[in-house]
Amino acid sequence: MLTAIVFLPLIGSLISGFFGKRLGETLAQWIPTGLLFVSALFSWIVFAQTLGGEDRLVRLFTWISSGELQTDWALRADPLTAVMLVVVTTVSALVHLYSVGYMAEDPSKARFFSYLSFFTFAMLMLVTADNFLQMFFGWEGVGVASYLLIGFWHQKDSANAASMKAFIVNRVGDFGFLLGMFGVFAVFRSLDFDTVFAAAPQYAESTFHFLWMEVKVLEAICFLLFIGAMGKSAQFFLHTWLPDAMEGPTPVSALIHAATMVTAGVVMICRLSPLFEWAPGALAFVTFIGATTALFAATVGLVQNDIKRIIAYSTCSQLGYMFFAAGLGAYPVAMFHLFTHAFFKALLFLGAGSVIHAMHHEQDIRKMGGLWRYIPLTFVMMVVGTLAITGLPLLSGFYSKDAIIEVAFVGKGWTAQYAFFVSLLVAAMTSFYSWRLIFKVFFGPRVWKDDPDPYPTPVEEAHDDHAHGDDHGHGHHELHPHESPKTMLIPIGVLTVGAILAGAIFAPGFIGDGYEEFWRGSIFFGPNNHVMHDFHYVPLWVKFAPFMMMVTGFFIAWTLYERRRDLPAKLARSQEALYTFFLNRWWFDQAYDFLFVKPAQALGRFLWKKGDGATIDGAIDGASMKIAPAIAGLLRRAQSGYVFHYAFAMILGVVVLVGLAVV
Amino acid sequence: MSLNLAAAAPELILAVAALAILMFGVLRAPAPAYLLAAGDKPAAALAERRNAAWALWFAVGALILAALWAGFWAPAGRAFSDAFILDGLSRYAKVAAFLTAAAALALSRDLMGRLEALSYEYAVLVVLAALGMGMMASANDLISLYIGLELQSLALYVLAALRRDDARATEAGLKYFVLGALSSGLLLFGASFVYGYTGSINFDVIRAVTAVEEGHNLSVGLLIGISLMACGIGFKLSAAPFHMWTPDVYQGAPLPIAAFFASAAKIAAAAMLLRLFYGAFGEATSQWRDILAVLAAASMLVGGFGALVQTNVVRLLAYSSIGNVGFALTGMAAGTAQGISSGLLYMVIYAVTTLGVFAFLFGMRRGGKPALAISDFAGLARRDMASALCLGALMFSLAGVPPLAGFFAKLYAFQAAWTAGLGYLLVIAVLAAVVSAFYYIRVVKVMFFDEPAEAFDPQPFGQRLALYAAAAFSLIFVIGGFGLPEAAQRAATALIGGGA
């Protein structure tokens, strides 16, 4: 069954990739979608079995066997994997279904579904990996899929640039992963998780000499591996690709750049907890980076105007939460937030997609407004998503996010204190920018009326104005041509249910008292790590603080964007420096452009023009245009067709060979 | 002094099969044309063709049976008073040669019928040639080596000129015969030197006598003998500078026969070379390494550069054959166990790949006429994607692009040469590989990016299947290699270890 879960998406991908044209659009969409639903169903079954205490390991076949390096293809199902299986296949299946509606007008559907299914396969490979190499295979696989999907609309220059940026920035991280993997092999002489984890405690104190200092090997390895996680999960310094990745179709953003791929880094750290637990320095670094990312992304998210970019920064920020939770040793809490986040963030993205769909691919929230009457279902579900992310009690985000903030409170060291203050601040900001989005999009004046390409058409507008009095006429509104089709609304609906309930249902298992039973051996806690126990006992004010922050954020947003619409502009003017700083994303892109991109391009241009063009091409041209044809011509002349010429050549050869042998 | 016929059973099967087909052909032949009334002639011609087809399938069956027998059932050992040996090497070579011969024969059914060259003699000649190949691979003294070689060559001469009413085919056959006779003379001359200076025709004795200490040289006469024999075998392998017949014969002979030349005949010649140099002269590796290295270098360069200016696909494949033999020789020049196994592996991979390409060439006909210019491939991808993809895979495999089979063939050969310290040869090999990649990939370019030419006549299913199978072989080889590397290694240890 485990094998089926992983390989059904691959089969779907191959079918619609290679036979898409022959199958026709409908089948090319529904076959991968259907297979994914089967895969998702199996995942839930495996999840249930795993809860019942069954771990499994399916060995497929030996991959590499070279000297000491022995690597198998193996699928591993333990609680950690099972959680990810459920998240990945469920969200992916829903996104597949959603895409049927969303991509209805796209000419290359088969390609899209093929990529999407391939991504799912690679992601499943990553989470079921039994060793570093297979994990890296999945890691690179999702990278490729992400690259292909970001650049899916390859006729758009910006999409191409974004896909390249995503790939290159990820390469930086992957390089860290690779180095970490080399380090693991150098130290443990194995890449198998079980072998490495079992041997980890012995190496807790061993060091090596690097430049002028003694470095602990595990610290170095974990640090390098975390660089990989930073790239994939868009953490501070390597985050620049994620907002640009929004150039891809919205379902892609929901699946890859919100719910699954970007969380791979978190999964990796939890999976590798037996290593990280012995590397407190690396963990502190993880905490610091995570908290900084959360703060940074939230501040930038405050002022963005592109609906998808706002959610992208929100993702970035939530990933920061997960990382510092993991960095503080509360891996189950990080995984729990990952789990709930997958639901409400996919919900927000798909909802945003629905908005974009309704607005004919307009993404600027300044050009929206008052939409709640036109797409009421989407509106309701978006609000639920927003409530979930901001952490309204009893919704899913409340359980996981508050737990993270409490973890930060009880965590040890200055990074924990830093994380705690940041997390409170960010909670308010999250609430602010999320509500800002809702207010700008769904409330307020209908700015789009003034659009040169007015929408909806006047007739329909009249129609809608007429319906104004009938607020709850859902049946009536569904008839409205601009609410999204059912294939899009159903997945959003399912995710809405998930966003509401996932927290309440799973919180006791994931992070409650039974957490050890739930995770069993898949997550390791060092002897001094009691954070999972401690965070249940925090002062009352800590428990209330996130809620207060959320309400504060909401009120600020409400004041600025609903009650006093003139204030934001004034505020931006009065704090112009800060505003431009945030609007330009802390100048990261510009700095990287100046520091890395420009010099790299200059170097590339030099090597291309002078090195390749003048030197190598010159030599090759000379060889291929002059020398090669000359030799070929000579040979052709020798091939005269006369037997005596041939015989002469043979005798010549005999003379040479005999001469060579004798002399 | 024992016959030990069991060890030679595969050859016996082929001999009996050849005789049986001959008898069948004679007994079932319709009356000669001049005795028939005009009205009976078409019926007689039809009967003759049907007989020929039966003979062909019978021969295919016999070849497969012989291959199975050689592979599984024949006990290893020596026969005919040490003149004949069945060990890992001969097993490997026989299975490969017989199976490729069977494949070439089976594939040729349709085309030979179209060319009106399908006669039962054709089947007999192929079986006899295969018998000669088996003997070459199993020879353990100079006489049986020569007899096997000559049996094979005589059959091949006639095969090349099978269409005796076709000027090109007869010219090709005659050229091949004259030059072949010259090379046989060289080989015999060399053999007589070897006998004269070692006092024996038996390979085991020769091996013992030629064992030289490091830093010493063999006597000059023996060296002349060795190099002359290398020349003779080089001709059969179509190694440069003994390659000149190859393009003319490939082009002149009927296509299926060219395919047979390029596959089974090359495997047998390589096996004979290994048998002689690693068996008989196995203790004097340092003495002949340079000879093979020069042959290898010359072949790779001629194969690479010669193909650049070709416009005909068959001539292109002829040069490709020369070049590939050069790469195989690069490995075989090593003089180590690795050299043997890499050579054996190379030849089989090459044979399968080239047979796949030939299978497609059989069907490259427009309106019943062959269309064999490279430009005829133009735009194949748009007319027949599956074939274009398969051919593309085969071309990339021939060019040695990973992860296709051809890459591993080259990899093992280069590894063998490198560990034997033949660095300079590798430089040439890599250069030649680059040059040859150009013309293989040019075919791919023509197929995929040029404006489509007219469609070919529909291809028989068998030929398509062969193309797909060869492409699948070169694609899947990366996983386990079908056990071929292990089999080649076993063959190598059998030979280096002094025989079965």
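Refer to the structure printed above.
Since the model is a prediction, treat every value here as computed from it, not as a measurement.

**Student:** Explanation requested: the overall build of chain B in the structure shown.
**Tutor:** Broken down by element type, chain B carries 19 helices and four strands. Taking the intrachain contacts of chain B between residues at least 6 apart in sequence as the baseline, contacts between residues at least 24 apart amount to 82%.

**Student:** Before we go on, may I ask you to explain a nonpolar patch on the surface in this structure?
**Tutor:** A cluster of nonpolar side chains, Ile64, Leu65, Leu68, Trp69, Phe72, Trp73 and Leu99 of chain B, forms an exposed patch at the surface whose accessible area comes to about 670 Å². In terms of residues, the nonpolar patch owes the most to one element, helix α2 (residues 41–73) of chain B, which gives six residues.

**Student:** I keep staring at the nonpolar core and nothing clicks. Help me out?
**Tutor:** The tendency in soluble globular proteins is for nonpolar side chains to be buried as a group. If you look at the biggest cluster of nonpolar residues, it comprises 207 residues, and the most contacted ones within it are Phe132, Leu275, Phe276 and Phe339 of chain A. By residue number, the principal contributor to this core is helix α16 (residues 331–358) of chain A, which donates 19 residues. Counting 201 residues, the second largest nonpolar core, distinct from the first, contains Tyr146, Phe203, Ala293 and Leu329 of chain B.

**Student:** Where do I start with the interface of chain B and chain A in this structure?
**Tutor:** It is common to give the size of an interface as the accessible area that goes away when the parts come together. Each partner contributes to the interface: chain B provides 32 residues, whereas chain A provides 21 residues. The junction of chain B with chain A conceals about 2,300 Å² of combined surface from both sides, 83% of it contributed by carbon and sulfur atoms. The largest contributions to the chain B side of the interface with chain A come from Met244, Phe305 and Val309 of chain B, which together make up 25% of the buried area. Linking chain B with chain A are zero salt bridges. There are three residue pairs in polar contact (both at pLDDT 80 or more) connecting chain B and chain A. Counting only elements with at least two residues in the side of chain B that touches chain A, the list comes to α6 (167–198), α8 (220–237), α9 (245–252), α11 (285–308) and α12 (313–332) of chain B. A per-class count over the side of chain B that touches chain A returns 23 nonpolar, four polar and five charged.

**Student:** What am I meant to see in the pattern of salt bridges here?
**Tutor:** When charged atoms on two side chains of opposite charge get close, those side chains can pair. Counted by the stated rule, this structure contains 27 salt bridges over all chains. Linking Arg171 of chain A and Glu140 of chain A is a salt bridge whose minimum nitrogen-to-oxygen distance equals 2.4 Å. With a gap of 31 residues between them, Arg171 of chain A in helix α7 (residues 157–188) and Glu140 of chain A in helix α6 (residues 132–150) connect regions that are remote in the sequence. The class of Arg171 of chain A is partly exposed, set by a relative accessible area of 34%. Linking Asp110 of chain B and Arg114 of chain B is a salt bridge whose minimum nitrogen-to-oxygen distance equals 2.9 Å. Linking Asp110 of chain B with Arg114 of chain B, this pair stays in helix α3 (residues 88–114), spanning four residues, or about one helical turn. Looking at Asp110 of chain B, the relative accessible area reads 25%, which means it is partly exposed. We classify Arg114 of chain B as partly exposed; its relative accessible area is 43%. By sharing partners, the salt bridges in this structure join Arg76, Asp78, Asp130, Asp194 and Arg271 of chain A into a single network.

**Student:** Can you walk me through the packing of aromatic side chains in this structure?
**Tutor:** What describes a pair of aromatic rings is the distance from one ring centre to the other and the angle between the planes of the rings. Counted by the stated rule, this structure contains 79 aromatic pairs over all chains. Note on Phe439 of chain A and Phe443 of chain A: the rings are 5.9 Å apart at their centroids and 55° apart in plane angle, and the pair reads as tilted. A cation over an aromatic ring shows up here: Arg189 of chain A above the ring of Phe185 of chain A, its NZ or CZ 5.0 Å from the ring centre. Above the plane of the ring of Phe456 of chain B lies Arg383 of chain B, whose end atom (NZ or CZ) is 5.2 Å from the centre.

**Student:** What exactly am I supposed to notice about helix α18 (residues 396–410) of chain A here?
**Tutor:** Residues that lie three or four places apart on an α-helix share one face, since the helix turns once every 3.6 residues. Residue and element names in this part refer to chain A. An ideal rise of 1.5 Å per residue puts 21 Å on 15 residues; α18 measures up with 22 Å between its terminal C-alpha atoms. α18 sits mainly inside the fold: 12 of its 15 residues count as buried. The set of residues buried in α18 consists of Ser396, Gly397, Ser400, Lys401, Asp402, Ala403, Ile404, Ile405, Glu406, Val407, Ala408 and Val410.

**Student:** I keep staring at empty space enclosed by the protein and nothing clicks. Help me out?
**Tutor:** Think of a ball as big as a water molecule: rolled over the atoms, this probe shows where empty space is left. Residues and elements named next belong to chain A. For the coordinates displayed, the defined rule picks out eight cavities of 30 Å³ or more. Of the pockets and cavities examined, the largest cavity occupies roughly 80 Å³. Taken together, Ile310, Ile311, Ser314, Leu348, Met382, Thr386, Tyr433, Ser434, Leu437 and Ile438 make up the lining of the largest cavity. Broken down by element, the lining of the largest cavity gets its largest block of residues, four residues, from helix α19 (residues 414–442). For the lining of the largest cavity, the residue count by class is seven nonpolar, three polar and no charged.

**Student:** Sorry, what's going on with helix α29 (residues 643–662) of chain A here?
**Tutor:** Under the 1.5 Å per step criterion, the end-to-end length of α29 of chain A is 28 Å for 20 residues, consistent within 8% with the ideal 28 Å. What α29 of chain A keeps buried is the set Tyr646, Ala647, Ala649, Met650, Gly653, Val654, Leu657, Val658 and Ala661 of chain A. Buried residues of α29 of chain A, viewed axially, fall in a sector of 165°; they line one side. Among the exposed residues of α29 of chain A, those pointing more than 90 degrees away from its buried face are Phe644, Phe648 and Val655 of chain A. For α29 of chain A, the secondary structure elements touched by its buried residues are α28 (588–638) of chain A together with α6, α8, α9 and α11 of chain B.

**Student:** Got a minute to help me understand the packing of α16 of chain A against helix α17 (residues 376–390) of chain A in this structure?
**Tutor:** Angle between the axes and distance between the axes are the two parameters that describe a pair of packed helices. Residues and elements named next belong to chain A. Relative orientation of the contacting elements α16 and α17 amounts to 150°, with a least axis distance of 9 Å. If you check the angle between α16 and α17, you find them roughly antiparallel. Relative to α17, the crossing made by α16 is left-handed. Contacts from Phe344, Lys345, Leu347, Leu348, Gly351, Ala352, Ser354 and Val355 of α16 reach α17 at Thr378, Met381, Met382, Gly385, Thr386, Ala388 and Ile389. The class makeup of the residues in the contact of α16 with α17 is nine nonpolar, five polar and one charged.

The rules behind these values
- Residues numbered from 1 in each chain as written.
- Chains lettered and ligands numbered in written order.
- Predicted model: local features only at pLDDT ≥ 70, side-chain atom pairs only at ≥ 80, totals over all residues.
- Heavy atoms only, no water.
- Helix = DSSP H or I, 4+ residues; strand = E, 2+ residues; numbered from the N terminus.
- Contact = heavy atoms within 4.5 Å.
- Patch = residues over 30% accessible without salt bridge, like charges linked within 9 Å, V, L, I, M, F, W, Y side chains within 5 Å.
- Areas by Shrake-Rupley, 256 points an atom, 1.4 Å probe, with all protein chains shown as cover.
- Salt bridge = Lys/Arg side-chain N within 4 Å of Asp/Glu carboxyl O.
- Core = buried A, V, L, I, M, F, W, Y, C linked by side-chain atoms within 4.5 Å.
- Buried < 20%, exposed > 50% of the residue type's maximum accessible area, 1.4 Å probe, protein only.
- Buried area = accessible area lost by both parts, 1.4 Å probe.
- Polar contact = N/O pair within 3.5 Å; in protein donor to acceptor, adjacent residues only side chain to side chain.
- Nonpolar A, V, L, I, M, F, W, Y, C, P; charged D, E, K, R; others polar.
- Phe/Tyr/Trp six-rings, centres within 6.5 Å; stacked < 30°, edge-to-face > 60°.
- Lys NZ or Arg CZ within 6 Å of the ring centre and 35° of its normal.
- Expected span 1.5 Å × (residues − 1).
- 1 Å grid on protein atoms, 1.4 Å probe; cavity = no way out; pocket = protein on both sides within 12 Å on 5 of 7 lines; lining within 4 Å.
- Points joined across faces, edges and corners; volume = space filled by probe spheres on them.
- Arc of directions from axis to C-beta.
- Axes fitted to C-alpha atoms, helices over the stretch in contact; angles between N-to-C directions.
- Parallel < 35°, antiparallel > 145°, perpendicular 65-115°, else oblique.
- Left-handed = near helix turned anticlockwise from the far one by under 90°.

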